[in-house]
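So the chains spell out like this:
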Amino acid sequence: MSTIFSKIIAREIPADIVYEDDLVLAFRDIAPQAPVHILIIPKQEIATVNDVSSGDEAAMGRLFTVAAKIASAEGIAKSGYRLIVNCNEDGGQEVFHLHMHILGGRRLGPMLAKR
C-alpha cells in the first residue's frame, strides 16, 4: 500500500525534510499544531504500531534517538517537547504509515481534553 509518507520518501511529493538516514526520515508537518511540529517516519512502511515486529526494533529505536537530535537542533530539548504515536482510528491515526510527532516550542498543556 502506498501512503503520502511513502511518496515523500520516494520524493514524489515535496516535504521540508529536517533529517534523513538509512532507517528514518523526518519532515515538518504541513498543518503544525505547535511552533515545532515534525514527523519522523520509518522508511520501511509499517501501517500501525500493531504491525511492528522484532525485525523493526532498530528503526523503532531510531525514531527516539532522532527525536532527541531534532529536539536539540530545534532548540526545544531543554524546555521540553512531546512525542506522540497514534494507533488506528480511535487513537487518532490518520495516515497508516507509522509515524512519531515531535511537538514543542511552547507549553503544550494537558495530554487529553476532559470529556
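The structure this text deals with has already been given above.
Residues numbered from 1 in each chain as written. Predicted model: local features only at pLDDT ≥ 70, side-chain atom pairs only at ≥ 80, totals over all residues. Heavy atoms only, no water.

1. Comments concerning the sheet that holds strand β1 (residues 17-20)
Now for step 1: Pairing is antiparallel in the open sheet, where five strands are placed in the order β1-β2-β3-β5-β4. Among the strands making up the open sheet, the edge pair consists of β1 and β4 (81-84). Here the strands of the sheet are splayed against their neighbours by 20 degrees on average, with no regard to which way each runs.
Now for step 2: Sheet topology places β1 next to strand β2 (residues 24-28); three bridges connect them, and they run antiparallel. Its bridge partner being in β2, Ile17 is matched across the sheet by Phe27.
Now for step 3: Lying on the sheet, helix α2 (residues 57-73) is in contact with β1, β2, β3 (36-42), β4 and β5 (100-104); it crosses β3 at an angle near 155 degrees. (Pairing = 2+ DSSP bridges. Helix = DSSP H or I, 4+ residues; strand = E, 2+ residues; numbered from the N terminus. Axes fitted to C-alpha atoms, helices over the stretch in contact; angles between N-to-C directions. Contact = heavy atoms within 4.5 Å.)

2. A few points about the nonpolar core
Now for step 1: Counting 18 residues, the largest nonpolar core has Ile40, Leu63, Ile70 and Ile102 as its most contacted members.
Now for step 2: For this core, the secondary-structure elements that each account for two or more residues are β2, β3, α2 and β5.
Now for step 3: Looking at this core element by element, the count peaks at seven residues for α2.
Now for step 4: With residues up to four places along the chain from it excluded, the contact list for Leu63 reads Val24, Ile40, Ile41, Pro42, Leu98 and Met100. (Core = buried A, V, L, I, M, F, W, Y, C linked by side-chain atoms within 4.5 Å. Buried < 20%, exposed > 50% of the residue type's maximum accessible area, 1.4 Å probe, protein only.)

3. Notes on the environment of Gly105
Now for step 1: By the element assignment, Gly105 lies in the segment after β5.
Now for step 2: With 29 residues separating them in the primary sequence, Gly105 and Ile76 have C-alpha atoms 5.9 Å apart.

4. As for the packing of aromatic side chains
Now for step 1: Counting across every chain of the model gives one aromatic pair.
Now for step 2: Considering the side-chain rings of Phe5 and Phe27, the 5.5 Å spacing of their centres and the 70 degrees angle between planes classify their relative orientation as edge-to-face. Of this pair, Phe5 sits in helix α1 (residues 4-9) while Phe27 is found in strand β2, placing the two residues 22 residues apart along the sequence. Taken as a pair, Phe5 and Phe27 share a single burial class, namely buried. (Phe/Tyr/Trp six-rings, centres within 6.5 Å; stacked < 30°, edge-to-face > 60°.)

5. Re the pattern of salt bridges
Now for step 1: Scanning the entire structure with this criterion turns up six salt bridges.
Now for step 2: When the shortest N-O distance is used, the salt bridge between Glu20 and Arg11 registers 2.5 Å.
Now for step 3: The exposure class assigned to Arg11 is partly exposed, which follows from its relative accessible area of 46%.
Now for step 4: Between Asp16 and Arg28 there is a salt bridge whose closest N-O contact spans 3.3 Å. Of this pair, Asp16 sits in the loop between α1 and β1 while Arg28 sits in strand β2, placing them twelve residues apart in sequence.
Now for step 5: Classification of Asp16 as partly exposed rests on a relative accessible area of 44%. (Salt bridge = Lys/Arg side-chain N within 4 Å of Asp/Glu carboxyl O.)

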